[in-house]
Structure formats: C-alpha cells, structure tokens
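Architecture at a glance
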Amino acid sequence: MGMIRDGSYIFPVVVTFKTSNRSNAKIKQKVIRNKNVDQVLDIKTKIPGIPENAVILSVGLGEGFIEKFGL
C-alpha cells in the first residue's frame, strides 16, 4: 500500500495577466488551487476566468505572489 498524502505539498499557482494586448488593458490576477503549474502552463488547458486572448505577464507559486502586484 502506498503512502497517503495530505495535500499540503500543493501550492497555489498565481497567474497575472492582461485581458488583451492593448496598453490600457486591465491587469488581473487569478489564483488556481486545484491544478499544478505544469497544467496551468500547458497551452491546451482551458482555465475558467482567463480568456484565450489574454497576455500572461507572470506565473508564480505560493501565496507570496498574490501580494507582489498589489491587485
């Protein structure tokens, strides 16, 4: 029987993005808690709340990235 994990090793993935490539586009942040960073970075994965034409500014792991942009 394998070792059962409690899920404490899963870190939230924070994605900061612009809604379009225009200079006045609003910058938004999305915290994804149910996917790992590889799934978020995979181009085939659809993430609810992030439009297909969004411009990804940064992707980070952990709660520290939530305060980084101050959104």
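Here we summarise the structure given alongside this text.

**Quick notes on the sheet that holds strand β1 (residues 13-18)**
In a beta sheet, neighbouring strands are held together by backbone hydrogen bonds and run either parallel or antiparallel to one another. Strand order in this open sheet of 3 strands is β2-β1-β3, and the pairing throughout is antiparallel. The open sheet has two edge strands with one neighbour each: β2 (27-32) and β3 (55-61). Here the average twist between neighbouring strands, direction ignored, is 20°. Bridging between β1 and β2 involves 6 bridges; their strand directions are antiparallel. Counted as the bridge partner of Val15 is Lys30 from β2.

**Notes on the nonpolar core**
Core analysis: the largest hydrophobic core is formed by 8 residues, namely Val13, Val15, Phe17, Ile32, Val40, Ile47, Ile50 and Ala54. If one sorts the elements of this core by residue count, β1 sits on top with 3 residues. Apart from the residues lying within four places of it in its own chain, the contact partners of Ile47 are Ile32 and Val40.

**A word on the environment of Phe17**
Inspection of the secondary structure puts Phe17 in strand β1. By relative accessible area, Phe17 is classed as buried at 2%. The spatial distance from the C-alpha of Phe17 to the C-alpha of Lys28 is 5.5 Å, given a sequence separation of 11 residues. In contact with Phe17, other than residues within four places in its own chain, are Lys26, Ile27, Lys28, Gln29, Lys30, Gly49, Ile50, Pro51, Ala54, Val55, Ile56 and Leu57.

**Quick word on the layout of surface pockets**
Estimated volume of the largest pocket: approximately 420 Å³. Along the wall of the largest pocket there are 16 residues; nearest its centre are Ile43, Thr45, Ile50, Pro51 and Ile56. Its residues assigned to classes, the lining of the largest pocket comprises 11 nonpolar, 1 polar and 4 charged.

**Some points on the side chain of Lys18**
By the secondary structure assignment, Lys18 is in strand β1. Here Lys18 occupies a buried position and makes no salt bridge, while the nearest side chain of opposite charge, Glu52, is found at 18 Å. Among the polar contacts listed, one links the side chain of Lys18 to the backbone oxygen of Arg22, at a separation of 3.3 Å. Ignoring sequence-local partners within four residues, the contact set of Lys18 consists of Ser23, Ala25, Lys26, Ile27, Ala54, Val55 and Leu57.

Rules used in this analysis
Residues numbered from 1 in each chain as written. Predicted model: local features only at pLDDT ≥ 70, side-chain atom pairs only at ≥ 80, totals over all residues. Heavy atoms only, no water. Pairing = 2+ DSSP bridges. Helix = DSSP H or I, 4+ residues; strand = E, 2+ residues; numbered from the N terminus. Axes fitted to C-alpha atoms, helices over the stretch in contact; angles between N-to-C directions. Core = buried A, V, L, I, M, F, W, Y, C linked by side-chain atoms within 4.5 Å. Buried < 20%, exposed > 50% of the residue type's maximum accessible area, 1.4 Å probe, protein only. Contact = heavy atoms within 4.5 Å. 1 Å grid on protein atoms, 1.4 Å probe; cavity = no way out; pocket = protein on both sides within 12 Å on 5 of 7 lines; lining within 4 Å. Points joined across faces, edges and corners; volume = space filled by probe spheres on them. Nonpolar A, V, L, I, M, F, W, Y, C, P; charged D, E, K, R; others polar. Lys, Arg positive; Asp, Glu negative; His and termini not counted. Salt bridge = Lys/Arg side-chain N within 4 Å of Asp/Glu carboxyl O. Polar contact = N/O pair within 3.5 Å; in protein donor to acceptor, adjacent residues only side chain to side chain.

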